Amino acid sequence: MAKLAIIGGTGLTQLSGFAHSRRKDVATPYGKPSSPLTYGELAGCPLVFLARHGEKHTIPPHQVNYCANLWALQQAGVERIIAVAAVGGIRDDLGPAVVAVPDQIIDYTHGRRNTFFEGELDQVTHIDFSWPYDSALRAELLTAGRNVGVPLIDGGTYGCTQGPRLETAAEIARMERDGCAVVGMTGMPEAALARELGLDYACLAVVANWAAGKTQEVITMDDIDAALKDGMSKAAGVLVALVAGMA
Ligand code: HPA
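Residues numbered from 1 in each chain as written. Predicted model: local features only at pLDDT ≥ 70, side-chain atom pairs only at ≥ 80, totals over all residues. Heavy atoms only, no water.

**Regarding the layout of surface pockets**
Reported here for the largest pocket is a volume of approximately 650 Å³. As for the largest pocket, its lining consists of 32 residues, and the residues nearest its centre are T10, A86, L166, M185 and I224. Listed by contribution, the elements that provide at least two residues to the lining of the largest pocket are β5 (80-89), β10 (180-184), β11 (200-210) and α5 (221-244). By residue number, the principal contributor to the lining of the largest pocket is α5, which donates six residues. When grouped by side-chain class, the residues that make up the lining of the largest pocket number 18 nonpolar, ten polar and four charged. (1 Å grid on protein atoms, 1.4 Å probe; cavity = no way out; pocket = protein on both sides within 12 Å on 5 of 7 lines; lining within 4 Å. Points joined across faces, edges and corners; volume = space filled by probe spheres on them. Helix = DSSP H or I, 4+ residues; strand = E, 2+ residues; numbered from the N terminus. Nonpolar A, V, L, I, M, F, W, Y, C, P; charged D, E, K, R; others polar.)

Here's what the structure looks like:
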């Protein structure tokens, strides 16, 4: 049984080198996940792949059914999740096509269902979320990067905005003052829901563009696509090295 899942984001709706054997549509008490669960092997390691924005990349960040996605993965027997996410770079060392393994989160989203612990509860529950990412999984990603010769930035705060629009320059300046290194739209509630279900979760953040106001240039989809292509191929190399160590 696959104990590892990869949630692919923008630029990674498919995983190259992933030999898939079975696709499964899953129903959950929270509705349908973004895509069928795809079972297969990467470098000989069994894993489950889920496309966060749908297989055709049609679900925007604020409409992703995070609860259904995480629930479906847990029901499938998954214990560890690598979330691949496109982000904007805020800190100076986080330019386009750089790949980072964040260690903190600030949540700026609103109106998203962000917990399993509501409704008919036996007991009010507060999970510890001081360190939102699993430290062992982060360390394995960093080692995989070293082994495959892909430089990875170790740590940094992922600021999660609501989207789907990009931020204003003032919003990014505020996030920089808050200590954010990168900005994305999908890191929350995904990370918190994984923790609520007891799943180990780490993020591989691929910088698609400088965040708003960090350059004079207008952010175009063409520039984002080019940086993502480069960054995602580095991320894919890291994933192969990571799972090769687990196979
Ligand atoms: N902001 C938010 N999310 C993103 C960005 C950005 O600049 N780039 C890629 N995902």
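Past the structure itself, the notes keep going.
**Observations regarding the site of the ligand**
Contacts to the ligand come from A86, V87, G88, L166, E167, V183, G184, M185 and N209. G88 is positioned with one of its backbone polar atoms (N or O) 3.4 Å from a nitrogen atom of the ligand. At 2.7 Å from a nitrogen atom of the ligand is found a side-chain nitrogen or oxygen belonging to N209. The fraction of the free accessible surface of the ligand (260 Å²) that becomes covered by protein chains is 91%. In a pocket analysis with a 2 Å cut-off to the grid points, the ligand is assigned to the largest pocket. Mapped onto the shell around the ligand, the elements with two or more residues apiece are β5 and β10. Broken down by element, the shell around the ligand gets its largest block of residues, three residues, from β5. (Near = heavy atom within 4 Å. Polar contact = N/O pair within 3.5 Å; in protein donor to acceptor, adjacent residues only side chain to side chain. Areas by Shrake-Rupley, 256 points an atom, 1.4 Å probe, with all protein chains shown as cover. Sits in = over half its atoms within 2 Å of the grid points.)

**Some remarks on the environment of V101**
One can find V101 in strand β6 (residues 99-101). Sequence-wise, V101 and T186 are 85 residues apart; in three dimensions their C-alpha atoms are separated by 15 Å. Setting aside its immediate chain neighbours within four residues, V101 contacts R138, L141, L142, L152, I153, D154, G155, C203 and L204. (Contact = heavy atoms within 4.5 Å.)

Keep in mind these numbers describe shape, not what the thing actually does.
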